[in-house]
Number of protein chains: 2
Amino acid sequence: MIISTKGKNALKLMLDLSLYQVEEYVKLGDIARREEISEKYLEQIVSYLQKSGKVKSARGAHGGYRLVKNPEEYTVGEIIKCLEGDMAPTDCVNRDDSPCKKRDQCFCYPLWNKLDKAMNEVLNHTTLQDLIDWKEEKEEDYE
Amino acid sequence: MIISTKGKNALKLMLDLSLYQVEEYVKLGDIARREEISEKYLEQIVSYLQKSGKVKSARGAHGGYRLVKNPEEYTVGEIIKCLEGDMAPTDCVNRDDSPCKKRDQCFCYPLWNKLDKAMNEVLNHTTLQDLIDWKEEKEEDYE
DNA sequence: CCCCTTTCCTACAAAAATAGTATGATTTAA
DNA sequence: TTAAATCATACTATTTTTGTAGGAAAGGGG
């Protein structure tokens, strides 16, 4: 399992906001109940999303969280990486600033690079809206 | 970093065998020195590879390890997964025997499935020989 | 038969990452 | 003023990772 609960819960949280925000802010307690995640744990997770500007909040009574953009404008990659770090196969990938000194002699580096690209091809080209659409398409199949 | 040192070292070990085995068995001590890995740690790693039949051993003086097949017959996926487990994005993927009960209601499952397929597309279609060939091609570029 | 080399086996342990809990301060609407 | 909510930080238990340690077993050469 390469995606931890933090990443998975962040994605669930963003999906929940996509589905349940209409006009008003959504309380964390409601998300916690619907998604069956500890509210205290969600507080920790949402703070990362907030600090990177992916959600905005309102404090006090009737407060909660909202998406800043539309669901089709968030990639699942940016959400998961916000919690998981850069998700590179190894620490020698994605280091254009300070590349590994043995990189050019390394038999494995091209592999890690390909793997990284393959993962990002999925993560950076799938949006929250895609996840919602895929589910709807599947439900149509049953009708 | 989703590939641990165990997986990386297993791959280095198999690559080292590919490059240095001619007729005789290769000692772990030599591999440890060339690849700069603790010999004791390598012992642990090679035992997994041996138990799954990827290498064969000879004990005693002049003993060591050899590949069972040719380098082009090993995928990097089977080597890494031998040490890392199945490398699925989440534990709900690759459970055809006992699938998650919420799978059909899950917004995320299709994503994890796509990610898994994308990773395996690379891991299961790259062989040890490919890694060696890629390096040689790169070296030709400098000539 | 004895010694040296090498694999084989298993237990232990330090360090880091993961998955949360706990406590309470702060802000806001009613 | 009070209740509802976010915000901040510290703590902790568990698991995973990354090895180390010690010795048993096997085989080759003298």
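Located above this text is the structure these notes cover.
Keep in mind that this is a model prediction, so the values were computed, not measured.

Draft legend 1. View of the overall build of chain A. Within chain A one finds 6 helices and 2 strands. The helix and strand sequence of chain A, counted from the amino end, reads α-α-α-β-β-α-α-α. Along the first, second and third principal axes, the C-alpha atoms of chain A reach 60 × 45 × 25 Å. Taking contacts inside chain A between residues at least 6 apart in sequence as the whole, the part at least 24 apart equals 63%. Approximately 8,000 Å² of chain A is accessible, and the part contributed by carbon and sulfur atoms is 46%. The positive charge centre, built from 22 side chains, and the negative charge centre, built from 27, are 9 Å apart in chain A.

Draft legend 2. Fine view of the protein's contact with DNA strand C. The immediate surroundings of DNA strand C are formed by 25 residues, with K40 of chain A together with K27, Q50, S57 and Y65 of chain B found nearest. Within 4 Å of the protein, atoms of DNA strand C come from sugar and phosphate in 68% of cases. Interatomic distance of 2.9 Å between a side-chain N/O atom of R59 of chain A and a base oxygen of DNA strand C. S57 of chain B is positioned such that a nitrogen or oxygen atom in its side chain is 2.4 Å from a phosphate oxygen of DNA strand C. Within the residue set of the surface near DNA strand C, elements represented by two or more residues are α1 (5-20) and α3 (39-51) of chain A together with α3 (39-51), β1 (55-58) and β2 (64-67) of chain B. Counted by class, the surface near DNA strand C contains 6 nonpolar, 11 polar and 8 charged residues.

Draft legend 3. The arrangement of the interface of chain B and chain A in detail. Contacts between the two partners involve 38 residues from chain B and, on the opposite side, 38 residues from chain A. Taking both partners together, chain B and chain A bury about 3,500 Å²; carbon and sulfur atoms supply 76% of that area. Sorting the residues of chain B by area buried against chain A places I2, F107 and L111 of chain B first, and these three jointly supply 19% of that buried surface. Counting across the chain B and chain A interface gives 2 salt bridges.

Draft legend 4. The arrangement of the relation of the copies chain B and chain A in detail. The transformation that overlays chain B on chain A combines an axial shift of 0.0 Å with a rotation of 180°, and the residual RMSD is 0.0 Å. Viewed as a symmetry operation, the transformation between the two copies matches a two-fold axis. A symmetric contact is evident, with 100% of the interface residues of chain B recurring at the interface of chain A.

Draft legend 5. How the structure looks around helix α6 (residues 128-141) of chain B. Compared with the 20 Å implied by 1.5 Å per residue over 14 residues, the 21 Å span of α6 of chain B between its first and last C-alpha is a close match. Summarising the contacts, the buried residues of α6 of chain B are in contact with α5 (109-123) of chain A together with α1 (5-20) and α4 (76-84) of chain B.

Draft legend 6. Local environment of the pattern of salt bridges. For the structure on display, the rule yields 10 salt bridges over all chains. Ionic pairing is found between E36 of chain A and K102 of chain B, a salt bridge with its closest N-O pair at 3.0 Å. Here the residue E36 of chain A occupies a position in the loop between α2 (28-35) and α3, and K102 of chain B occupies one in the loop between α4 and α5 (109-123), the pair thus bridging two chains. Notably, a salt bridge pairs E139 of chain B with K135 of chain B, separated by 3.3 Å at the nearest N-O pair. A residue pair is termed a helical-turn pair when its members lie 3 or 4 positions apart in one helix, as E139 of chain B and K135 of chain B do in helix α6 at 4 residues.

The rules behind each value
- Residues numbered from 1 in each chain as written.
- Chains lettered and ligands numbered in written order.
- Predicted model: local features only at pLDDT ≥ 70, side-chain atom pairs only at ≥ 80, totals over all residues.
- Heavy atoms only, no water.
- Helix = DSSP H or I, 4+ residues; strand = E, 2+ residues; numbered from the N terminus.
- Contact = heavy atoms within 4.5 Å.
- Areas by Shrake-Rupley, 256 points an atom, 1.4 Å probe, with all protein chains shown as cover.
- Lys, Arg positive; Asp, Glu negative; His and termini not counted.
- Charge placed at Lys NZ, Arg CZ, Asp CG, Glu CD.
- Near = heavy atom within 4 Å.
- Polar contact = N/O pair within 3.5 Å; in protein donor to acceptor, adjacent residues only side chain to side chain.
- Nonpolar A, V, L, I, M, F, W, Y, C, P; charged D, E, K, R; others polar.
- Buried area = accessible area lost by both parts, 1.4 Å probe.
- Salt bridge = Lys/Arg side-chain N within 4 Å of Asp/Glu carboxyl O.
- Least-squares fit on C-alpha atoms with pLDDT ≥ 70 in both.
- Expected span 1.5 Å × (residues − 1).

By themselves, these figures tell us nothing about what the structure is for.
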